[in-house]
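Survey of secondary and tertiary structure
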Amino acid sequence: MTEEGRSVAILGTRGYPSYYGGFETLVRKLSPYLVDRGWDVTVYGRNGTTVVDDPGRDRRVKTVTTAGVESKALSTLSYGLTSAAHATRRRPDVALIMNVANGYWLPLLKARGIPTVLNVDGIEWERDKWSTSAKTVFKGGAHLTARFADCLIYDSHEIARRWQREWKRDGIFIPYGGAVPPQLAPVDGLPSRSYALMVARFVPENSVREFFAAAEKLSRDWDVVIVGSSGYGDELDAEADRLSRSSDRIHWLGHVSDDDKLFALWQHAGVYFHGHSVGGTNPALVQAMACGAPIVARDTVFNREVLADSARFVRPDGDAIATELAAVLSDPELQSDLGRRSRERQASHYTWDGVCAAYEKAMISQIDARAATGRNAHL
């Protein structure tokens, strides 16, 4: 049982409640958990990026919207600065920060004596979606994170090894969790186990182009469902639109913020393709496992760490992906076996209760460490 009265400011996401990505999912799960445990929780966010009338919103979670520049290159940095500046005035007991780009603002928090716990996310400076200058910014943020953050959170063991090797910083391994939903009805027009599914943000490192090439081949015999977008209406969005117009069997749904619909798509997929190549434990992958989706994943060290022997792996090539997905779609016994193994793997390694408890423990540890430092300074 925790003591009452602890306060935390959560910075670096789009706010609460938001359905944008993995950090936002974590905040939706963690914030009510902490409030139930006696914490005063404030989540910083951006204007227009949260679902204000979300029926699942916990009204006990406080929210603050700050100003920033809405652009691919500057949004994280600008909102990080304004939220960090606001938090320094409120002086919470601890700040939970997402993304190394916010490492630039850690000295502000440190100067005010606010202990920091920072989730480093993936290796952002290696993502193809960023320009050379953006990669330099992320690398600089990582350097400052390694120097000034009190506690680092790694969502995969491989990410932890990279940070130990490159920045000489240890940290705490806390992955993402999955929630097992009730049995949901198939999405209209898509019979159970009849389609291949991809859920991803449209960026090159998620094997989106390769899946699009596979989709054209698969659609001759199977339905293909694509969930996601770039968020900026770029050429990959245009290609997804072209594909969906070219075949009645290719369905581009764009970004899906309705959890029940997304969970139903995973539950009833004949096969789910996970093409992410950069990053650690991917939240969408863990949730697909919780939904019992038969999974074929791009062969990376990160995906093998999460999935172990519960999935099949494939190289990032359109023909290879099409062949592997078709093999699963045409074999009901294999679908059943892969779905069962993915559910078991999630239940044993990736639960939200375990994730939230680990975050709370990490934050309490930093509060206690700061308090002990203060006591020693007065001796």
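Details of the structure are given in the entry above.
Per chain, the residues get numbers from 1 upward, laid out in the order the sequence is written. Restriction of local features to residues with pLDDT of at least 70 applies here, the model being predicted, together with a cutoff of 80 or more for giving and counting side-chain atom pairs; totals for whole chains, interfaces and linings are based on all residues. Side-chain metrics rest on all non-hydrogen atoms present in the structure, leaving aside hydrogens and water.

In the case of a regular strand, side chains alternate between the two sheet surfaces. DSSP-based pairing: two strands are paired if at least 2 bridges between them are found. The way it works is that DSSP assigns letters per residue, a run of H or I at least four long becomes a helix, a run of E at least two long becomes a strand, and they are numbered from the N terminus. Bridge count for strand 9 (residues 223-227) against strand 10 (residues 250-254) is 4 bridges, and the pairing is parallel. Paired with V225 across the bridge in strand 10 is H251. Crossover handedness is defined by viewing with both strands directed away from the observer: a clockwise path from the first strand over the helix to the second marks the crossover as right-handed. On the question of chirality, the crossover connecting strand 9 to the parallel strand 10 by way of helix 7 (residues 235-246) is right-handed.

Cavity means a closed set of points on a 1 Å grid over the protein atoms alone, one where a 1.4 Å probe fits but cannot get out, pocket means an open set with protein on both sides within 12 Å along at least 5 of 7 lines, and lining means a residue has an atom within 4 Å of a point. Grid points are joined across faces, edges and corners, and a volume is the space filled by probe spheres set on the points. Tallied over the entire structure, the rule returns 1 cavity of 30 Å³ or more. Empty space within the largest cavity amounts to approximately 40 Å³. Residue lining of the largest cavity: L11, G80, A84, I97, N102, W105 and L109, and that is the complete set. Here the nonpolar group is Ala, Val, Leu, Ile, Met, Phe, Trp, Tyr, Cys and Pro; Asp, Glu, Lys and Arg are the charged ones; every other residue, Gly included, is treated as polar. Of the residues in the lining of the largest cavity, the class split is 5 nonpolar, 2 polar and no charged.

Further remarks concern the side chain of E124. In this structure, E124 sits in the loop between strand 5 (116-119) and helix 4 (132-148). Each residue gets one of three labels from its accessible area relative to the maximum for its type: buried under 20%, exposed over 50%, partly exposed in between, using a 1.4 Å probe on protein chains only. You can call E124 buried: its relative accessible area is 4%. In terms of polar contacts, E124 uses its side chain to reach the side chain of W130, at 2.9 Å. Contacts are residue-level and defined by heavy atoms, with any inter-residue pair within 4.5 Å sufficient. Aside from chain neighbours lying at most four places away, what touches E124 is W130 and F138. As used in this structure description, the phrase polar contact means that two N or O atoms lie within 3.5 Å; if the pair is within protein, one of them must be able to donate a hydrogen and the other to accept it, and residues adjacent in sequence are counted only when both atoms belong to side chains.

Cis geometry marks the peptide bond from Y16 to P17, where omega comes out at -10 degrees. Mapped onto the elements of the fold, P17 is located in the loop between strand 1 (7-11) and helix 1 (22-36). Despite not being glycine, K168 has its phi angle at roughly 60 degrees, a positive value. The topology assignment puts K168 in the loop between helix 5 (157-167) and strand 7 (172-173). Classification of K168 as exposed rests on a relative accessible area of 61%. Positive phi is not limited to glycine here, since S207 has a value of about 60 degrees. Note that S207 resides in the loop between strand 8 (195-199) and helix 6 (208-218).

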